[in-house]
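For reference, the chains in residue letters:
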Amino acid sequence: MQSVAFWILAFCLFILIRYFAHNQEQGFILNPDYDIPITQWLDFGIILGVIIGFFYALGEFSYEKFLTKRLNLGLSILIRSLSYILILILAISFLTVFIEERMDIDLPNEKGWWRTNKIFWLAVGYFWISSLVFTILKIALERFGKGVFFDILLGRYRKPKEVERIFMFIDLRSSTSIAESLGHYKYSEFIQDCFFDLNIIIEKYDATIYQYVGDEAVISWSYDSGLKNNNCIKLFFEFKNRLLDRSDYYQSKYGVIPSFKVGLHGGALMQTEVGIGSVKKELAYHGDVINTTARIQGECNTYDEYVLVSESLLNDLIKNSSISVSYTHLRAHETTSLISYAVFCLK
């Protein structure tokens, strides 16, 4: 839907530019000899935007799901470029036939018309500029989160701002022994595969990746979205099941099936933009929530559990959903100064 909306806007803008510039340069779409209302041209922009948006989204999805790890960046860009040009040729050819029938005007749509048509290649150039804008927006939204990116543009995080978030620290079990057995190169590929499987399901549970630290990932939610539908719980179990479903792949390639341990906690902390004026800028979180979540995750080995969640977060999960859990309160561990844990499992 985002892709379709973006390309509708992009092609309607293109038509507006061509429409108001038709006295300076005539093209196959905007010929001044035809007195046609701008609204009708915008209708065609919407149709073209829907077609291009759908196939563009399909192409990007297919690339990320099937080709990201199989092709190098240069070859993947070439394949996508050729595919999008083909789609653009077919879409504009279809649209010119449609316009001719609807408006009773003669447009160039004979075989191979696009090779020498200046307006078509102008549209191609415009398409690639728009693609670049779309990609930048997509990366920014993925990096900062859907509700955060526009706040950054408005400068709302230049001063620390208190937010409520849920954090998950997810770390590979037995990482030292696995690294020693695989070697650093194979181990790096192993972690890459694991996090690739994690990224596949991230958006489904409205989560964002805050950081990757070695073989550990830090995932976060706004407090409400983490509680909604038990997103912060379900993400881990789907990730765990996905790794099990691909166990044959991991076993054959690496000789080991990955298993992760998780700590979950949430609460109020400060969010701010750091690195202002330097070569690298990012949003950072400061507060006890981060440190506590890391310590909770560190206790998974102590209690031989896959998941540990703070009691306060577990209580909020129970209040806000129909989650069915069994849990045991554990005494505070003196060395970590934690008040309480809850070990839980889904029934």
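To be clear, the structure that these remarks concern was listed above.
Cut-offs and rules
- Residues numbered from 1 in each chain as written.
- Predicted model: local features only at pLDDT ≥ 70, side-chain atom pairs only at ≥ 80, totals over all residues.
- Heavy atoms only, no water.
- Helix = DSSP H or I, 4+ residues; strand = E, 2+ residues; numbered from the N terminus.
- Buried < 20%, exposed > 50% of the residue type's maximum accessible area, 1.4 Å probe, protein only.
- Contact = heavy atoms within 4.5 Å.
- Areas by Shrake-Rupley, 256 points an atom, 1.4 Å probe, with all protein chains shown as cover.
- Phe/Tyr/Trp six-rings, centres within 6.5 Å; stacked < 30°, edge-to-face > 60°.
- Axes fitted to C-alpha atoms, helices over the stretch in contact; angles between N-to-C directions.
- Parallel < 35°, antiparallel > 145°, perpendicular 65-115°, else oblique.
- Left-handed = near helix turned anticlockwise from the far one by under 90°.
- Nonpolar A, V, L, I, M, F, W, Y, C, P; charged D, E, K, R; others polar.
- Expected span 1.5 Å × (residues − 1).
- Core = buried A, V, L, I, M, F, W, Y, C linked by side-chain atoms within 4.5 Å.

**Q** Honestly, the overall build of the protein chain in this entry has me stumped. Any pointers?
**A** Counting its secondary structure elements, the protein chain contains 13 helices and eight strands. Relative to its full complement of 347 residues, the protein chain shows a buried share of 44%. Counted over contacts in the protein chain with a minimum sequence separation of 6, partners at least 24 positions apart contribute 69%. Approximately 19,100 Å² of the protein chain is accessible, and the part contributed by carbon and sulfur atoms is 58%.

**Q** How do you make sense of the packing of aromatic side chains when you look at a structure like this?
**A** The description of two aromatic rings rests on the distance between their centres and on the angle between their planes. Taken as a whole and judged by the stated rule, the model has 22 aromatic pairs. Note on Trp 7 and Phe 127: the rings are 4.9 Å apart at their centroids and 20° apart in plane angle, and the pair reads as stacked. Taken as a pair, Trp 7 in helix H1 (residues 2-20) and Phe 127 in helix H4 (residues 118-144) lie far apart in primary sequence, 120 residues in all. Each member of the pair, Trp 7 as well as Phe 127, carries the same accessibility label: buried. A centroid spacing of 5.1 Å and a plane angle of 35° characterise the contact between Phe 195 and Tyr 212, whose relative ring orientation is tilted.

**Q** Sorry if this is basic, but what is going on with the packing of helix H7 (residues 184-202) against helix H9 (residues 231-245) here?
**A** The contact between H7 and H9 brings their axes to 10 Å, and the two run at 135°. The angle between H7 and H9 places the two elements in the oblique class. Here H7 runs over H9; the crossing is right-handed. Here Cys 194, Asp 197, Leu 198, Ile 200, Ile 201 and Ile 202 of H7 lie close against H9, whose contacting residues are Leu 235, Glu 238, Phe 239, Arg 242 and Leu 243. Grouping the amino acids of the contact of H7 with H9 by side-chain chemistry returns eight nonpolar, no polar and three charged.

**Q** In this structure, what is going on with H7? I would like to understand it.
**A** Every α-helix winds through 3.6 residues per turn, so residues three or four apart in the chain are directed the same way. With 19 residues, H7 extends 27 Å from end C-alpha to end C-alpha; this agrees with the ideal 27 Å at 1.5 Å per step. Of the residues making up H7, those classed as buried are Tyr 187, Phe 190, Ile 191, Asp 193, Cys 194, Phe 195, Asp 197, Leu 198, Ile 201 and Ile 202.

**Q** So what exactly am I meant to see when it comes to the nonpolar core here?
**A** A general feature of soluble globular proteins is that nonpolar side chains tend to end up buried together. Within the largest apolar cluster, 39 residues are counted, with the highest numbers of intra-cluster contacts made by Phe 190, Ile 219, Leu 235 and Leu 264. Examining the composition of this core, we find that eight residues originate from one element, H7, more than from any other. Setting aside anything within four residues of it in sequence, one finds Leu 235 in contact with Met 168, Leu 198, Ile 201, Ile 202, Tyr 205, Ala 207, Ile 219 and Trp 221. Phe 14, Leu 48, Leu 88 and Leu 95 belong to the second largest nonpolar core, which has 25 residues in total.

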